[in-house]
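# Residue-level structure breakdown
Listed here are the chains, written in short residue letters.
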Amino acid sequence: MSNRLLPFALAFASGGLLSLMILFNGQWAANGTALFASWMAHGTGSIAALVFLAGLALTGRAHPRAVRTKAPRWAYLGGLSGAVTVMLSSTAVNSALALSGTLALGLVGQAGFSLLSDRFGWFGLPRRRIRVADLGALALILAGSGLIIFSERLAP
Amino acid sequence: MILPLGFALGAGVLVGVSRSLNGRLSLATSPLTASLWNHVVGFAFLSAVAVIFGGLLPDGWPDAPLTAWAGGAVGVLFVASGSWLVARIGATMTALLVIAGQMISGVALDLAMGRAEGLWIKAAGVTLILSGMWLAQRRR
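About the thresholds
Residues numbered from 1 in each chain as written. Chains lettered and ligands numbered in written order. Predicted model: local features only at pLDDT ≥ 70, side-chain atom pairs only at ≥ 80, totals over all residues. Heavy atoms only, no water. Helix = DSSP H or I, 4+ residues; strand = E, 2+ residues; numbered from the N terminus. Buried < 20%, exposed > 50% of the residue type's maximum accessible area, 1.4 Å probe, protein only. Contact = heavy atoms within 4.5 Å. Patch = residues over 30% accessible without salt bridge, like charges linked within 9 Å, V, L, I, M, F, W, Y side chains within 5 Å. Areas by Shrake-Rupley, 256 points an atom, 1.4 Å probe, with all protein chains shown as cover. Salt bridge = Lys/Arg side-chain N within 4 Å of Asp/Glu carboxyl O. Domains from an automatic or database assignment. Axes fitted to C-alpha atoms, helices over the stretch in contact; angles between N-to-C directions. Parallel < 35°, antiparallel > 145°, perpendicular 65-115°, else oblique. Left-handed = near helix turned anticlockwise from the far one by under 90°. Nonpolar A, V, L, I, M, F, W, Y, C, P; charged D, E, K, R; others polar. Core = buried A, V, L, I, M, F, W, Y, C linked by side-chain atoms within 4.5 Å.

### Comments concerning the overall build of chain A
- On a plain count of helices and strands, chain A comes out with 6 helices and 0 strands.
- Ordered by position from N to C terminus, the α and β elements of chain A give α-α-α-α-α-α.
- Each principal axis of the C-alpha atoms in chain A carries an extent, and together these give about 55 × 45 × 35 Å.
- Per-residue burial for chain A yields a buried fraction of 42% across its 156 residues.
- Expressed as a percentage of contacts within chain A between residues at least 6 apart in sequence, the contacts between residues at least 24 apart total 41%.

### Side note on a nonpolar patch on the surface
- Residues I47, V51 and F52 of chain A together with L77 of chain B make up a contiguous nonpolar surface patch of about 360 Å² in total accessible area.
- Here the element with the most residues in the nonpolar patch is helix α2 (residues 34-58) of chain A; it accounts for 3 residues.
- Assignment of secondary structure puts I47 of chain A in helix α2.

### Structural notes on the pattern of salt bridges
Residues and elements named next belong to chain B.
- Following the criterion strictly, the structure yields 5 salt bridges over all chains and no others.
- Taking the shortest distance from any N to any O, the salt bridge between R115 and D110 comes out at 3.6 Å.
- Here R115 falls in the partly exposed class, since its relative accessible area comes to 38%.

### Here's the deal with the domain arrangement of chain A
- For chain A, the assigned domains are domain 1 (1-71) and domain 2 (95-156).
- Taking only C-alpha atoms into account, the centre of domain 1 of chain A sits 22 Å from that of domain 2 of chain A.

### Notes on the packing of helix α1 (residues 6-31) of chain A against α2 of chain A
Residues and elements named next belong to chain A.
- Where α1 meets α2, the axes come as close as 7 Å, and the angle between the chain directions of the two elements is 135°. Judged on the interaxial angle alone, α2 and α1 are oblique. The handedness of the crossing between α1 and α2 comes out as right-handed. For the pair formed by α1 and α2, the contact residues are N25, W28 and A29 on the first element and F36, A37, M40 and A41 on the second.
- Its residues assigned to classes, the contact of α1 with α2 shows 6 nonpolar, 1 polar and no charged.

### Focus: the nonpolar core
- Counting 27 residues, the largest nonpolar core has I141 of chain A together with L96, L97, M103, I129 and M133 of chain B as the members making the most contacts within it.
- Within the residue set of this core, elements represented by two or more residues are α1, α4 (98-120) and α5 (132-149) of chain A together with α3 (71-112) and α4 (119-137) of chain B.
- Considering each element in turn, this core owes the most residues, 10 residues, to α3 of chain B.
- Dropping the residues within four chain positions of it, M133 of chain B is found in contact with F8, F12 and I141 of chain A together with L97 and A100 of chain B.
- Ranked by size, the runner-up nonpolar core spans 11 residues in total, among them W28, A37, W39 and A83 of chain A.

Dropping the structure here:
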């Protein structure tokens, strides 16, 4: 596969991981609450990450510490943002929005944030030009996602 | 109605914020290290919330299927891959492709579990997503 398409394929596969993750983590929520499911996922995930890192270190394939710059303190708060996401979305799911509305609005929020973030180079990441083709791609993917999310409500 | 609407939109924004923060951290460490911090910090915060509000351990939680235990490990790989991607192809391209992968694999999982309601609408959705992906990768 060409270098050009590798990140492309990885991102698509990453979306597959997300589906599996939601399926598995949801199995905790079936017997409990969204808070419990998220707590278990973060706890078992912490252990899994340590095991993965230890495995890499033992096989001598640990990432060389690419210390270009020290990370700012705020860069450690990704986990906080992720945990709050669970609380917001589990509240929204139990409103009139239901799961489908919550999912659809979440995608809109994510798309809007990422466009602004690239445009202005937020969070210390490179600023990027947004091409018309990117906006077209975004529109097609959001429309397709909307059809899938609401398919069971739309079905005759 | 406004409040849940804001919550649902905000949840999506925070997915992006989280990915950017972890991506920034991965530049100074590694994607897997960023994923470890993401999980440790999230766990500490949720534990604090649970202590304050109580009622964390629900009855019957050990009855969850074995695969529930794998969710955390899958999440570690998901966060690590997102951190690597956002620093390389940008927030928009990462979000767009991850959403595409999530939707299409979701339809595949639904089919595998025998849920075929609205199949034609889902097929139309998958077609739109694939055309969007084709448009996104042109001239890159």
